[in-house]
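Commentary on secondary and tertiary structure
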Amino acid sequence: MKRIVLGVQYDGTPWQGWQTQPSGKTVQDRLEAALQKFTMGAVATTCAGRTDSGVHALEQVVHFDTDLSREIFSWVRGLNAFLPPSIAVRWAHELPVSGEGGEQDNFHARFSATTRTYHYLLYNNPVRSPLLQGKAGWVFRPLDVELMQHAAAHLIGTHDFSAFRAIECQAKSPVRTMDQISIERRGDLIVFTLRANAFLHHMVRNIVGSLIYAGNGSKAPEWIAELLLQRDRSRAAPTFMPDGLYLAQVAYDRKWQLPQQPTGLFPWL
């Protein structure tokens, strides 16, 4: 038995998120359907982190177990032959499955992760761009990047992120450690990069929505610190649109030797 790890990239616009649904219109459903065609058998996958409807992935990490022997490049080419244009396997890696030390000695796409990085791409222009429909969020009022950077600084460190947590979030604890938040303007595009040990449901979109309030002058940068202390979701900004959210990379211990892509930005930036 071996554990195959995949790096999967997808445009989330046509899909109802990652996790399997009765409709079958999810990324997991389509990937597992491709696996079934390629392996001639049912295969269950586990991902690093579920993404919502409309959310994209530059590099989602997925694993599954199989007793089939294939050249590593065959997993990439073979699966892509059965996947739609909006989903692609970018790389594959084979690891052993240890039965002696228990599951804790095996690679796990979710539980072996050390940090997760998301990008949010925001178009800041008085007029919307049809070319960025589904690929970037949009704010027509001018935004001050420096004010948003000051606001974001309050989020660095270990905090209770209840104010930025979806009501339906099922995480046992709202405490997370935010390692980095960078905000960079490139013309009319503003790129938010957030890295943490893990994220709560809708956490990135809720943070971006609140930072926009700081950027347009509706709230002072110190308001973000107040939200952390109040731990009240109703006091923060509404959940921002999913269009510009990208799961950029999930980091793992080097011992797994995954052939991951750089955490850089988008090919077109």
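Residues numbered from 1 in each chain as written. Predicted model: local features only at pLDDT ≥ 70, side-chain atom pairs only at ≥ 80, totals over all residues. Heavy atoms only, no water.

- As recorded in an unreviewed UniProt entry, the chain goes by tRNA pseudouridine synthase A and comes from Collimonas arenae.
- Comment text from UniProt for the chain, heading Subunit (unreviewed entry), reads "Homodimer."
- In its Sequence similarities (unreviewed entry) section, the UniProt record describing the chain reads: "Belongs to the tRNA pseudouridine synthase TruA family." (UniProt positions renumbered as here; feature names shortened; annotations may be inferred.)

Observations regarding the pattern of salt bridges
- Scanning all chains against the criterion turns up six salt bridges.
- Put simply, Asp52 and Arg205 hold a salt bridge, and the shortest N to O gap is 3.8 Å. One end of the pair, Asp52, is in the loop between strand E2 (46–47) and strand E3 (56–66); the other, Arg205, is in helix H4 (residues 203–215), and 153 residues separate them in sequence.
- Classification of Asp52 by relative accessible area gives partly exposed; the value is 25%.
- What makes Arg205 buried here is its relative accessible area of 11%.
- A salt bridge links Arg231 to Asp160; the nearest nitrogen and oxygen atoms lie 3.7 Å apart. Residue Arg231 is found in the loop between helix H5 (223–230) and strand E10 (245–251), and its partner Asp160 is found in strand E7 (residues 157–160); the two are separated by 71 residues along the sequence. (Salt bridge = Lys/Arg side-chain N within 4 Å of Asp/Glu carboxyl O. Helix = DSSP H or I, 4+ residues; strand = E, 2+ residues; numbered from the N terminus. Buried < 20%, exposed > 50% of the residue type's maximum accessible area, 1.4 Å probe, protein only.)

Points about the layout of surface pockets
- Approximately 1,100 Å³ is the volume attributed to the largest pocket.
- In this structure, the largest pocket is lined by 37 residues; those nearest its centre are Gly49, Arg50, Arg110, Phe199 and His201.
- Residues that form the lining of the largest pocket fall into these classes: 15 nonpolar, 15 polar and seven charged. (1 Å grid on protein atoms, 1.4 Å probe; cavity = no way out; pocket = protein on both sides within 12 Å on 5 of 7 lines; lining within 4 Å. Points joined across faces, edges and corners; volume = space filled by probe spheres on them. Nonpolar A, V, L, I, M, F, W, Y, C, P; charged D, E, K, R; others polar.)

As for the domain arrangement of the chain
- Entries for the chain in the domain assignment read domain 1 (2–111) and domain 2 (114–246).
- Just the C-alpha atoms count here: the centres of domain 1 and domain 2 sit 28 Å apart.
- At the interface, 10 residues of domain 1 touch 11 residues of domain 2.
- Interface area, domain 1 with domain 2, both sides summed: about 870 Å², of which 50% is carbon and sulfur.
- Our count for the contact surface shared by domain 1 and domain 2 stands at two salt bridges.
- Counting across the interface, domain 1 meets domain 2 through nine residue pairs in polar contact (both at pLDDT 80 or more).
- Within the side of domain 1 that touches domain 2, the residues separate by chemical class into three nonpolar, four polar and three charged. (Domains from an automatic or database assignment. Contact = heavy atoms within 4.5 Å. Buried area = accessible area lost by both parts, 1.4 Å probe. Polar contact = N/O pair within 3.5 Å; in protein donor to acceptor, adjacent residues only side chain to side chain.)

Regarding the environment of Ile224
- Looking at where Ile224 falls in the secondary structure, it is placed in helix H5.
- It is 44 Å that separates the C-alpha atoms of Ile224 and Val43, two residues lying 181 residues apart in sequence.
- If we ignore the near neighbours within four places in the chain, the residues touching Ile224 are Ala151, His154, Leu155, Phe164, Ser210 and Leu211.

Some details on the UniProt feature "domain: Pseudouridine synthase I TruA alpha/beta" (unreviewed entry) in the chain
- When the UniProt feature table is mapped onto this chain, "domain: Pseudouridine synthase I TruA alpha/beta" (unreviewed entry) is found at residues 9–96 and 151–253.
- The span residues 9–96 is 25% helix and 28% strand, and its two end C-alpha atoms sit 24 Å from each other.
- Spanning residues 151–253, this segment combines 23% helix with 30% strand, and its end C-alpha atoms are found 31 Å apart.

With respect to unusual backbone geometry
- In the Ramachandran plot, Arg231 falls in the positive-phi region, its phi being about 55 degrees despite a non-glycine side chain.
- Even without being glycine, Gln257 reaches a positive phi, approximately 55 degrees.
- Here Gln257 is to be found in the segment after E10.
- Gln257 gets classed as exposed once you look at its relative accessible area, which sits at 62%.

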